[in-house]
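# Structural description and commentary
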Amino acid sequence: MTSTPQPPQGPAPTANAMRRALKRARDGVALDVAESAVLLQARGADLDDLCASAARVRDAGLEAAGRPGVITYSKSVFIPLTRLCRDKCHYCTFATVPGKLRRAGEGMFMSPDEVLAIARRGAELGCKEALITLGDKPEDRWPEAREWLDAHGYDDTIAYVRAVSIRILEETGLLPHLNPGAMSWTDFQRLKPVSASMGMMLETTAERLWSEPGGPHHGSPDKEPAVRLRVLEDAGRSSVPFTSGLLIGIGETYEERAESLFALRRVSRAYHGIQELIMQNFRAKPDTAMRGMPDAELDDLVATVAVARHIMGPAACLQAPPNLVAGEYARLIGAGIDDWGGVSPVTPDHVNPERPWPQIDELAAQSAAAGFRLQERLAVYPEFVQRGEPWLDPRVLPHVRALADPETGLANERAEVKGLPWQEPEDVFVPSGRTELHRAIDTEGRTADRRDDFDDVYGDWEALREAAAPGMVPERIDADVREALRQAADDPTRLTDPQALALLHADGPALDALCRVADDLRRDVTGDDVTYIVTRNINFTNVCYTGCRFCAFAQRRTDADAYTLSLEQVADRAAQAWDVGAVEVCMQGGIHPDLPGTAYFDIARAVKERVPGMHVHAFSPMEIVNGATRTGMSVREWLTAAKEAGLDTIPGTAAEILDDEVRWVLTKGKLPAATWIEVVRTAHELGIRSSSTMMYGHVDQPRHWLGHFRRLVEIQRETGGFTEFVTLPFIHTNAPVYLAGISRPGPTMRDNRAVTAMARLLLHPHITNIQTSWVKLGAEGAAEMLRSGANDLGGTLMEETISRMAGSSYGSYRSVRDLVAIAEAAGRPARARTTLYGEVPAERVAAAMASDGHLPELLPVLED
């Protein structure tokens, strides 16, 4: 028999330390880790004192939430979709092996019919939650799991979870709460449209319990604390109401337990997405490696609940499973819980099968004896029901509203639990809102400098300020700039990272010399011609709930500046652009919650049907992932379908900085760097080329720029799919991250010159076209970049809303003559190009010149 040894606990806290910590708790003073570790050891009268203050904190929170004296629970069914798991937790009896399942006559996964039979029985008895629990990625360990998924047509376990969740919604009306283990950011995007909430226990942040042989999590890749914290953060970034918590008594010290609670607080504070925390006590089970470990004591659980209440505060929802406390309900209520979790009249607790659920009537009576009224909630907590978007997907929202009390957000106990269609919102492409914004932004401006939900939608600004601080510290540069310049002139492909950083920091005469070296290389590689493209931007909607903190374009559907174009309006704008000589439309939009994943196909098809010769350059990697996850398709399948619908190339936007240290400050919910790279690589493999971009000058440093350049080179070596690199200076004026006092006010001219020059040098010879942005830098700034290594001016744009909403003052349109003049200011000739840098047909050139400066009324020409 093996067991995890008891943790090496330090000496018991002194009486003075306990008195001091208890007083701070009574006085409502914020506790630190050391004080929390002391309080976790409170017993007897000290524990009573601690619980009394924790209960007061809980009561204040319930009062503020409008449900004083209420303890909630969810009436649920427990669906163990598969008990196969790639992890090997030493205390777990839930996970099993294929042989045991076969001997018991069970499949590797529950069949849809088996799942629906449980869910229908639950619906008949008034249950409203389907708790779907399963092992982590079983197909990665067990060939039998892979074979079952293949035989039933599912790419992976997540695909099957999604499929059965839709059937539960449609055929029973129960709300899926999904516990599929450690998920990726993309997994959250796949499952959010089919679930009301999700969850995963943190358990502990004590890494030694995972890394050391004999530890309870040793050999379990998904139990690494860093992995589980990343899952919690991705849930917050994805605006998923999320359940987490601790498993206490598995060998952690009191300090480690306190650190785990503070880790949960950090995530909750940063994203406001943790809907409840479960404090669960370890119970030893037969036939496990930890069967010899003592159970966590009740006093230990009570103290943990009370300390968690103090750390998490009055707004937190704390739960303790009632079937694991041997009827000691009053003590848990006294310690500060406000929820009993899921309780099922149909199914056992498959994780703790030896501990049956209490009867709901018994739970109500025990709660009443402690002075509380038991009230049913849904799988998703009332605060998130009332918040609605972006926390609940439009495809799930009708199902939630059918079961919720509209006033409280709790369960409507009289609601009929019945299936409803799971479907895409109707009438998506009805024109709405400020559809003339592309024109009025230059004449009337935006309605306000920020959204009404500025304080909430982007996460916690103070937590973000702390997260941003390390990345904004400039590094010391020791490399010799003169030697780096010599290397750049001789062979830029052999620049070391220290040399490249020295050049990225160059200023004064060194910067001038750097720009000359870059411009000489530009002349050798692309010649003197400055290229441009006659193109039109079409931003088909600005409704978006992703929460990018640098973006002033995104609006809620109810905001004064929000708009959505119809397909006919998109096609009209493309036709107008063709009439004035355009060869390309560049189409991007917000991540509108109502847009089905196939909407992008409809947009591309609408343009191609109206203007067959128009090149469709559209949909950022973020939009591609959004489309793929909403349709249930892989990125490859989705891109293939988009190409068939008329997509020609994609913009390499949404890259910002390909370093998650920076990305997670800049954006709450946008795709991680690895996912951006995966999408771009896949597009290139399918013959869909893309631009590449970098937005800089916010919370970044030159070391981040260097890493970004190196990643682009790596991709280009592999795929050859990038057509150009586009510098995107950060426009700060109306950017939320700047208004919150976190970012810099955009890059300096020194930064712009250094980035442009180093793009030329570091991307050589892999990406040969370097584009500067007149809409962000103006004519003079763009001309200076043409003298610093750039060879391309981008497009006429015709309409440009994103930078203008951010505060750019350089207008939305440049005529061909304007672009030629910018090139001439740099002492260079100009010529038109196609998206792929080919020659423009004579007919298109003639059309552009004939109409230049005389665009339709919809497209006003603005004077500087």
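Attention in this report is confined to the structure presented alongside it. (Residues numbered from 1 in each chain as written. Predicted model: local features only at pLDDT ≥ 70, side-chain atom pairs only at ≥ 80, totals over all residues. Heavy atoms only, no water.)

### Regarding the sheet that holds strand β15 (residues 615-618)
One open sheet accounts for three strands, arranged β12-β14-β15; its pairing is parallel. For this open sheet the edge positions go to β12 (535-539) and β15, each flanked by a neighbour on one side alone. Across the sheet, the mean angle from the axis of one strand to that of its neighbour is 25°, orientation sign disregarded. Here β12 pairs with strand β14 (residues 584-588) via five bridges, running parallel. Within β14, the residue paired with Thr 535 across the bridge is Glu 584. Running at roughly 170° to β12, helix α23 (residues 567-579) makes contact with β12 and β14 of the sheet. (Pairing = 2+ DSSP bridges. Helix = DSSP H or I, 4+ residues; strand = E, 2+ residues; numbered from the N terminus. Axes fitted to C-alpha atoms, helices over the stretch in contact; angles between N-to-C directions. Contact = heavy atoms within 4.5 Å.)

### Describing unusual backbone geometry
Glycine aside, the phi torsion of most residues is negative, and most peptide linkages are trans. Note that the residue after Glu 389, namely Pro 390, is joined by a cis bond; omega there is 0°. Locating Pro 390 in the fold gives a position in the loop between α15 (382-387) and α16 (397-403). That bond from His 764 to Pro 765 is cis: its omega, 0°, falls within 30 degrees of zero. Unlike most non-glycine residues, Glu 656 shows phi in positive territory, near 50°. Judged by relative accessible area, Glu 656 falls into the buried class, the value being 6%. (Buried < 20%, exposed > 50% of the residue type's maximum accessible area, 1.4 Å probe, protein only.)

### Some thoughts on the pairing of strand β1 (residues 70-82)
For a regular strand, side-chain orientation follows a simple rule: the groups alternate between the two sheet faces. Burial analysis of β1 places 13 of its 13 residues in the buried class, which makes it a mostly covered element. Strand direction decides the pairing type here: β1 and strand β9 (residues 373-377), joined by five bridges, are parallel. If you follow Ser 74 over to β9, its bridge partner there is Arg 377. Judged from the three bridges that link them, β1 and strand β8 (residues 339-343) form a sheet pairing that is parallel. The residue bridging Thr 72 from the neighbouring strand is Asp 339, located in β8.

### Looking at the packing of helix α10 (residues 225-237) against helix α11 (residues 254-271)
The geometry of α10 relative to α11 is characterised by a closest axis approach of 9 Å and an angle of 15° between their N-to-C directions. Regarding the angle of α10 to α11, the classification is roughly parallel. For the crossing formed where α10 meets α11, the hand is right-handed. Of the residues in α11, those in contact with Leu 229, Leu 232, Glu 233, Gly 236 and Arg 237 of α10 are Ala 263, Leu 264, Val 267 and Tyr 271. Residues belonging to the contact of α10 with α11 are distributed by class as follows: six nonpolar, one polar and two charged. (Parallel < 35°, antiparallel > 145°, perpendicular 65-115°, else oblique. Left-handed = near helix turned anticlockwise from the far one by under 90°. Nonpolar A, V, L, I, M, F, W, Y, C, P; charged D, E, K, R; others polar.)

### Examining the environment of Thr 649
Inspection of the secondary structure puts Thr 649 in the loop between α26 (635-645) and α27 (660-666). With a relative accessible area of 3%, Thr 649 lands in the buried category. Thr 649 sits 33 residues away from Val 616 along the chain, and the two C-alpha atoms are 6.6 Å apart. Apart from the residues within four sequence positions on either side, Thr 649 is in contact with His 615, Val 616, His 617, Ala 618, Ile 688, Arg 689, Thr 835 and Leu 836. In this structure the side chain of Thr 649 is engaged in a polar contact, spanning 2.8 Å, whose partner is the side chain of His 615. A distance of 2.6 Å separates polar atoms of two side chains, one belonging to Thr 649 and the other to His 617. (Polar contact = N/O pair within 3.5 Å; in protein donor to acceptor, adjacent residues only side chain to side chain.)

Function-wise, these values are silent; they only describe arrangement.
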